[in-house]
Amino acid sequence: MKQSIFARVAQLAKANLNTLLDSAENPQKMLDQMIRDYSENIREAEAAAAQTIGNLRMAEDDYTRAVNDANTWGSKAVAASRKADEFRAAGNNADADKFDALARLALSRQMTAESMAKSQAPTLAAQNQAVDQLKNGLDLMRAKLRELTVKRNELVNRARVAATQSQVNDALKALGGGDPTSAIGRYEDSVRRQEATVRGQQELASSSLEAQFASLEDLGEQTEVEARLAALKAGDRKALGSRDG
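The model shown is predicted, which means the values in this text are computed figures rather than measured ones.

Looking at the overall build of the protein chain
Argument step 1. When you go through the protein chain residue by residue, the secondary structure sums to five helices and zero strands.
Argument step 2. By residue count, 19% of the 245 residues in the protein chain fall in the buried class.

Observations regarding the side chain of Gln120
Argument step 1. Tracing the backbone through its elements, the reader meets Gln120 in helix H4 (residues 93–177).
Argument step 2. Excluding its chain neighbours within four sequence positions, the residues that come into contact with Gln120 are Ala59, Asp62, Tyr63 and Ala66.

Some points on the pattern of salt bridges
Side chains that differ in sign of charge can pair as their charged atoms come close.
Argument step 1. For the coordinates displayed, the defined rule picks out eleven salt bridges.
Argument step 2. The shortest N-O distance in the salt bridge between Glu46 and Arg142 comes to 2.9 Å. Of this pair, Glu46 sits in helix H3 (residues 27–89) while Arg142 sits in helix H4, placing them 96 residues apart in sequence.
Argument step 3. For Glu46, a relative accessible area of 32% translates into the label partly exposed.
Argument step 4. Since its relative accessible area comes to 30%, Arg142 is described here as partly exposed.
Argument step 5. Among the ionic pairs, Lys144 bridges to Glu147, the shortest N-O distance being 3.9 Å. Of the two residues, Lys144 and Glu147 are both situated in helix H4; the distance of three residues between them amounts to about one turn of the helix.
Argument step 6. For Lys144, a relative accessible area of 16% translates into the label buried.
Argument step 7. The network of salt bridges with shared partners includes Glu46, Asp139 and Arg142.

Observations regarding the confidence of the model for the protein chain
Argument step 1. On average, residues of the protein chain score 79 in pLDDT, and 72% of them reach the 70 mark or higher.
Argument step 2. Confidence, read as mean pLDDT per element, is least for helix H1 (residues 2–13) in the protein chain (57) and greatest for H3 (89).

Cut-offs applied
- Residues numbered from 1 in each chain as written.
- Predicted model: local features only at pLDDT ≥ 70, side-chain atom pairs only at ≥ 80, totals over all residues.
- Heavy atoms only, no water.
- Helix = DSSP H or I, 4+ residues; strand = E, 2+ residues; numbered from the N terminus.
- Buried < 20%, exposed > 50% of the residue type's maximum accessible area, 1.4 Å probe, protein only.
- Contact = heavy atoms within 4.5 Å.
- Salt bridge = Lys/Arg side-chain N within 4 Å of Asp/Glu carboxyl O.
- pLDDT = per-residue confidence, 0-100.

Here you go:
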């Protein structure tokens, strides 16, 4: 399972994002899916890395313990050998042989511990290398995830701007096809015509009134003429009557 996770880490980390975007039918959906895939694989890889690092630390503890055991048994072998030499110098061969036996036992334990440490060393080196590679892979994946997130956000923002611009362009086209100012202009012309008609009616009414007054003046003048004529005639008749009398 770990190998499959590591393989996915390497595959996703090496993916050419620009190529993938160019070939995608819906780049935004593809980026969203890639972000989910990266996030999930990172979580799995982190769990595997934690387990691998834990195993490495256990192996390091075992190696350290073997090295410490080898050093401890080596010190005990030295101490036992020196004690044996002291007893032998004192002529106590029995105790000298006893401590030489202890020295041999300590040396045997030292050799076993050294052998264990020696056998663990290559495994530790390999595990350290694997952990380093896994950490590098995780770093690459995290960097790719950040790159994906930035690309995705940039794409979404660009799509929103493009959609807004498209709406603006559609609105401008609609204005061009039916400019409201032209309708206002036509309405203004209609109002002006109505106003002109009213002024014409007013002029007609005014001229009709003047004609009526003029006719009244003519009638008054005619009436005065008739009155004067009647007075004239009346005066003439009076004058004729006087001559006749």
